[in-house]
Structures are given as C-alpha cells and as structure tokens.
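A look at the structure
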Amino acid sequence: MKISYCWLQEYVACGHVPVEQLADMLTMAGLEVEGLEYCRWAVPETVVVGEILQAERHTDAEKLFVCQVDVGKPEPTTIVCGAPNTRTGVKVPVALPGSQLPNGFAVKTATIRGVVSHGMICAEDELGISDDHSGIIFLPAEALVGTPVTPEMAGFEDDAVLEIGLTPNRGDCLSHFGVAREIATLLECPPREPDIEYTENDTDISQQAS
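Residues numbered from 1 in each chain as written. Predicted model: local features only at pLDDT ≥ 70, side-chain atom pairs only at ≥ 80, totals over all residues. Heavy atoms only, no water.

Some points on the pairing of strand S3 (residues 47-58)
- Relative to strand S6 (residues 91-95), S3 runs antiparallel, the two sharing five bridges. Bridge assignment links Val47 to a residue of S6, and that residue is Ala95.
- The pairing of S3 with strand S4 (residues 61-70) spans seven bridges and is classified as antiparallel. Looking at the pairing, Ile52 lines up with Val69 of S4. (Pairing = 2+ DSSP bridges. Helix = DSSP H or I, 4+ residues; strand = E, 2+ residues; numbered from the N terminus.)

What to know about the sheet that holds S3
- The antiparallel open sheet is built from five strands, whose spatial order is S5-S4-S3-S6-S9. Across the chains shown, the open sheet's two edge strands, defined by having one partner strand only, are strand S5 (77-81) and strand S9 (120-121).

With respect to the side chain of His58
- Mapping His58 onto the fold places it in strand S3.
- The class of His58 is buried, set by a relative accessible area of 6%.
- A polar side-chain atom of His58 sits 2.8 Å from the main-chain amide nitrogen of Asp60.
- Once residues lying within four places of it in the same chain are set aside, the contact partners of His58 are Leu64, Phe65, Val66, Val80, Ile112, Arg113 and Val115. (Buried < 20%, exposed > 50% of the residue type's maximum accessible area, 1.4 Å probe, protein only. Polar contact = N/O pair within 3.5 Å; in protein donor to acceptor, adjacent residues only side chain to side chain. Contact = heavy atoms within 4.5 Å.)

Re a negative patch on the surface
- Together, Glu10, Glu152, Glu157 and Asp158 make up a region of like negative charge exposed at the surface.
- Residue placement: Glu157 occurs in the loop between helix H3 (151-154) and strand S10 (159-165).
- Overall, the relative accessible area of 56% leaves Glu157 in the exposed class. (Patch = residues over 30% accessible without salt bridge, like charges linked within 9 Å, V, L, I, M, F, W, Y side chains within 5 Å. Areas by Shrake-Rupley, 256 points an atom, 1.4 Å probe, with all protein chains shown as cover. Salt bridge = Lys/Arg side-chain N within 4 Å of Asp/Glu carboxyl O. Lys, Arg positive; Asp, Glu negative; His and termini not counted. Charge placed at Lys NZ, Arg CZ, Asp CG, Glu CD.)

Some points on the nonpolar core
- Among the nonpolar cores identified, the biggest contains 22 residues, and Leu8, Leu26, Leu162, Val179 and Ile183 are the most heavily contacted of them.
- Looking at this core, the elements that each hand over two or more residues are helix H1 (5-8), helix H2 (19-28), S10 and helix H4 (176-187).
- Looking at this core, the element that brings in the most residues is H4, giving five residues.
- Not counting the four nearest positions on each side in its chain, Leu162 is found in contact with Met1, Lys2, Ile3, Tyr5, Leu8, Val19, Ala23, Leu26, Val33, Gly35 and Leu36.
- With 18 residues, the next largest nonpolar core counts Val43, Val47, Val107 and Ile129 among its residues. (Core = buried A, V, L, I, M, F, W, Y, C linked by side-chain atoms within 4.5 Å.)

A closer look at the sheet that holds strand S2 (residues 32-39)
- A sheet is described by the order of its strands in space; here three strands give the open sequence S1-S10-S2, paired in antiparallel fashion. Two strands close off the open sheet at either side, each with one partner strand: strand S1 (2-4) and S2. Recorded for the sheet is a direction-independent mean angle of 25° between the axes of neighbouring strands.
- Of the strand pairs in this sheet, S2 and S10 are connected by seven bridges, and their pairing is antiparallel. Within S10, the residue paired with Leu36 across the bridge is Leu162.
- Where H2 meets the sheet, it contacts S2 and S10, and its direction lies at approximately 165° from that of S2. (Axes fitted to C-alpha atoms, helices over the stretch in contact; angles between N-to-C directions.)

See the structure below:
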C-alpha cells in the first residue's frame, strides 16, 4: 500500500519528523516500509507562464487547436494544442523549444498538420505532477506571463511516498487515516479527525425505497 507523506500531515502533526525516520519508526512498530519514493519538482525554467490570446480550430484537424500564446516575447507564439479544454483567456504552462521535460520528452519546434508549432502547452503528466493527460493545466490568473512556472502555480507539492507491506491482521491501517493514527500513537500526539459534512432530515428511513 502506498501512503503520501504530505497527505499524512493532514491527519497527524508529523511534518517535523523526516520521512526516512518516520519510515524506520513504522517498520519497528510492525508496519514494514518496503520502499520510499521521492516526488520532487523537476521542471526546467524553460517552462514558462503563457496566456492563450486566441485559440482556433485547426483547419486540417478537428481535434487540434492553433493557439496564439503570449509567453513574454514581443510577438505572440504559435502553438498547436490537442487538449479538449483549450480556450482563449487562460494562463497555462508553456514548454519552449529546447525544454527537457520530467517525462524525458524533448520539446522542439515542429510542423503539425502544416502549422509550425513553437513549443507545447502542458498537461499534468508532461510536468510529472500526475498521470493525468485529459487536458492542459490552468495556472492562477495572477501568474506573471513569461516567468518560469513554479510548483505552487501548478498545484504541485514536493512529497514522498511510503510503500507499506501490510499483514492481514492490520486492516486498521488500510487508509491514510489508519496509518496516521498509528503515527499519532508513536509520536504521542492526537490524530486530526477528517472533516465530515452531512445534512440531516426527518425522513423515516424505513419508508425509503430499497
């Protein structure tokens, strides 16, 4: 089972304990940590904030958009993008030609269906944030065009993932909150209960259709 160090901190105050030390503590307590994977921001400074000034359907490919993007240069940059959520007026991460992305892809100027594209508007998987390739990332409206994209802009947080080998008798730890309760015991501090919101009514449950 994989557990996020950052997510754990929502349920227990363990941020002051280095993740390596936490892994040792859990292992000694019977929750063997079999692996530790670090997730760190590795996006080059050539991935900058861009603003889509115009997005029009490609005349030769209905699923592609030809975008005019302000990346802080004197003239807008033409970029071909295939994301379905492409639209005018949003700020997005733009990998300029020469960028080496975390997934190993090297961005180059390329001709796509007869249109020269000078870079790439990025989705989460292309920046190593997640495996999501459903659409491009929208950055905060206050992000400054032409500046390097930061982790905060992209909603990324450095994290570490603990892979725990659970034994059948520890079903109580089959969740982040379950592991957080174990850590709270080890650190002698109270866990933080998840916030649960629900509404009540006067309906007799026995009268509801099954």
